[in-house]
Amino acid sequence: LAKTTQPISMDSYEGQEVNITCSHNNIATNDYITWYQQFPSQGPRFIIQGYKTKVTNEVASLFIPADRKSSTLSLPRVSLSDTAVYYCLVGARYSSASKIIFGSGTRLSIRP
Amino acid sequence: DTAVSQTPKYLVTQMGNDKSIKCEQNLGHDTMYWYKQDSKKFLKIMFSYNNKELIINETVPNRFSPKSPDKAHLNLHINSLELGDSAVYFCASSVETTGGARYGYTFGSGTRLTVV
């Protein structure tokens, strides 16, 4: 199982761009990188997934370097409502849920 | 609304009691899960059912018994509750058994269980 390491917490201010980096040194060839967002008192929500280079959707961008040993979730112009815990997951696209490991995530706090 | 809904949202009970948490999804997904989230935010899978059949049963005490009457429902019954069972329990669903990895898991809003 590919283990991930991400910062425990991060602080930023409204309007800033926030980048959260996740390390996954033993990522396998078939593994994809997925990020979830969890607001207080809610379940995690799938926000973005990628394999290499860059993926962008309406919520975030995901940057993955060529060696794929890390990835960066980028949130443009954050607002207070982006305060949440962000989880980085690594696993093959046909993996059983028992092989998809949620770590403790990064607690992002946005200040006015 | 299409969603995963679980009840109750909060559950406070005494040690030794038996309690149940219910979950329903109207997304048409084939697979449902129970996860446990501890105070440090670690989210750990407990069980998974695919179309009413148990497919994942992680190392969980026998006091925890899931039950899936149909593919849209997955309930969790807990016997003889202990202090260490206090946590947030999340129900989730995915398109298929491996659909979670491909398309993501849809989670309910959680049940905060407090055992006193």
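Residues numbered from 1 in each chain as written. Chains lettered and ligands numbered in written order. Predicted model: local features only at pLDDT ≥ 70, side-chain atom pairs only at ≥ 80, totals over all residues. Heavy atoms only, no water.

Student: Hey, could you run me through the overall build of chain A in this one?
Tutor: Along the backbone of chain A there are zero helices and nine strands. Its helices and strands in sequence order give chain A the pattern β-β-β-β-β-β-β-β-β, from N to C terminus. Taking 2.2 N^0.38 as the reference for a compact globule, 112 residues should give roughly 13 Å; the C-alpha atoms of chain A span a radius of gyration of 13 Å, in line with that estimate. For the C-alpha atoms alone, the extent of chain A along its principal axes is close to 40 × 30 × 25 Å. By residue count, 46% of the 112 residues in chain A fall in the buried class. Counted over contacts in chain A with a minimum sequence separation of 6, partners at least 24 positions apart contribute 57%. Charge separation in chain A, taken as the distance between the mean sites of 11 positive and 7 negative side-chain charges, equals 8 Å. (Helix = DSSP H or I, 4+ residues; strand = E, 2+ residues; numbered from the N terminus. Rg over C-alpha atoms; globule rule 2.2 N^0.38 Å. Buried < 20%, exposed > 50% of the residue type's maximum accessible area, 1.4 Å probe, protein only. Contact = heavy atoms within 4.5 Å. Lys, Arg positive; Asp, Glu negative; His and termini not counted. Charge placed at Lys NZ, Arg CZ, Asp CG, Glu CD.)

Student: Which parts of the structure should I look at to understand the pattern of salt bridges?
Tutor: Between side chains of opposite charge, a pair can form as their charged atoms come close. Residue and element names in this part refer to chain B. As enumerated under the stated definition, the model contains four salt bridges over all chains in all. Salt-bridge contacts for Arg63 lead to Asp85; the nearest nitrogen and oxygen are separated by 2.8 Å. You can see Arg63 sitting in the loop between strand S6 (53–57) and strand S7 (64–70) and its partner Asp85 sitting in the loop between strand S8 (73–78) and strand S9 (87–94), a full 22 residues away along the chain. The exposure classification of Arg63 matches that of Asp85, with both residues buried. (Salt bridge = Lys/Arg side-chain N within 4 Å of Asp/Glu carboxyl O.)

Student: Please clarify how the state of the cysteines should be interpreted in this entry.
Tutor: Disulfides are covalent bonds that connect the sulfur atoms of two cysteines. All names here are of chain B. On inspection of all chains with the given rule, the structure shows two disulfides over all chains. Between the sulfur of Cys23 and that of Cys91 lies a disulfide, 1.8 Å long from S to S. Residues Cys23 and Cys91 are joined through a disulfide that is left-handed, its torsion about the S-S bond being -80°. Linking Cys23 in strand S3 (residues 19–25) with Cys91 in strand S9, this pair joins segments that are 68 residues apart in sequence. On the accessibility criterion, Cys23 (2% relative accessible area) is buried. (Disulfide = S-S within 2.5 Å.)

Student: Is there a simple way to explain the interface of chain B and chain A in this structure?
Tutor: Interface size is commonly expressed as the accessible area that is lost once the parts come together. Listed by partner, the interface residues are 23 residues for chain B and 22 residues for chain A. Summed over both partners, the interface of chain B with chain A buries about 1800 Å², with 55% contributed by carbon and sulfur atoms. At the junction of chain B with chain A, the criterion picks out zero salt bridges. Across the chain B-chain A interface, the total number found is six residue pairs in polar contact (both at pLDDT 80 or more). Every element with two or more residues in the side of chain B that touches chain A is listed here: strand S4 (31–37), strand S5 (43–50) and helix H1 (99–103) of chain B. With four residues, the single largest contributor to the side of chain B that touches chain A is H1 of chain B. Its residues assigned to classes, the side of chain B that touches chain A shows 11 nonpolar, seven polar and five charged. (Buried area = accessible area lost by both parts, 1.4 Å probe. Polar contact = N/O pair within 3.5 Å; in protein donor to acceptor, adjacent residues only side chain to side chain. Nonpolar A, V, L, I, M, F, W, Y, C, P; charged D, E, K, R; others polar.)

Student: What is the right way to look at empty space enclosed by the protein in this model?
Tutor: Rolling a probe over the atoms, with the probe sized like a water molecule, indicates the empty space that remains. Using the criterion set out here, one finds one cavity of 30 Å³ or more in the structure. Here the largest cavity defines a volume of roughly 70 Å³. Lining of the largest cavity is provided by 13 residues; of these, Thr34, Gln49, Leu89 and Ile100 of chain A together with Ala101 of chain B occupy positions nearest its centre. Residue classes in the lining of the largest cavity are distributed as eight nonpolar, five polar and no charged. (1 Å grid on protein atoms, 1.4 Å probe; cavity = no way out; pocket = protein on both sides within 12 Å on 5 of 7 lines; lining within 4 Å. Points joined across faces, edges and corners; volume = space filled by probe spheres on them.)

Student: I tried to follow the confidence of the model for chain B on my own but got confused; where do I start?
Tutor: Caution is warranted with low-pLDDT regions, since their predicted coordinates should not be read in detail. Per-residue confidence for chain B averages 92 on the pLDDT scale, and 98% of its residues sit at or above 70. Across chain B, element-level confidence peaks in S3 of chain B with a mean pLDDT of 98 and bottoms out in H1 of chain B with 76. (pLDDT = per-residue confidence, 0-100.)

Student: What is the right way to look at the packing of aromatic side chains in this model?
Tutor: Between two aromatic rings, the relevant description is the distance of the centres plus the angle of the planes. Enumeration over the complete set of coordinates arrives at 14 aromatic pairs over all chains. Between Phe102 of chain A and Phe107 of chain B, the ring centres sit 5.9 Å apart and the planes meet at 90°, which makes this aromatic pair edge-to-face. Taken together, the residues Phe102 of chain A in the loop between strand S8 (84–92) and strand S9 (106–111) and Phe107 of chain B in strand S10 (residues 106–107) connect one chain to another. A centroid spacing of 6.4 Å and a plane angle of 70° characterise the contact between Tyr35 of chain B and Tyr105 of chain B, whose relative ring orientation is edge-to-face. Here Tyr105 of chain B lies in the loop between H1 and S10 and Tyr35 of chain B lies in strand S4, a separation of 70 residues in the sequence. Judged on exposure class, the residue Tyr35 of chain B and its partner Tyr105 of chain B are both buried. Taken together, the ring pairs connect Tyr36, Phe46, Tyr87 and Phe102 of chain A together with Tyr33, Tyr35, Phe90, Tyr105 and Phe107 of chain B into an aromatic cluster. (Phe/Tyr/Trp six-rings, centres within 6.5 Å; stacked < 30°, edge-to-face > 60°.)

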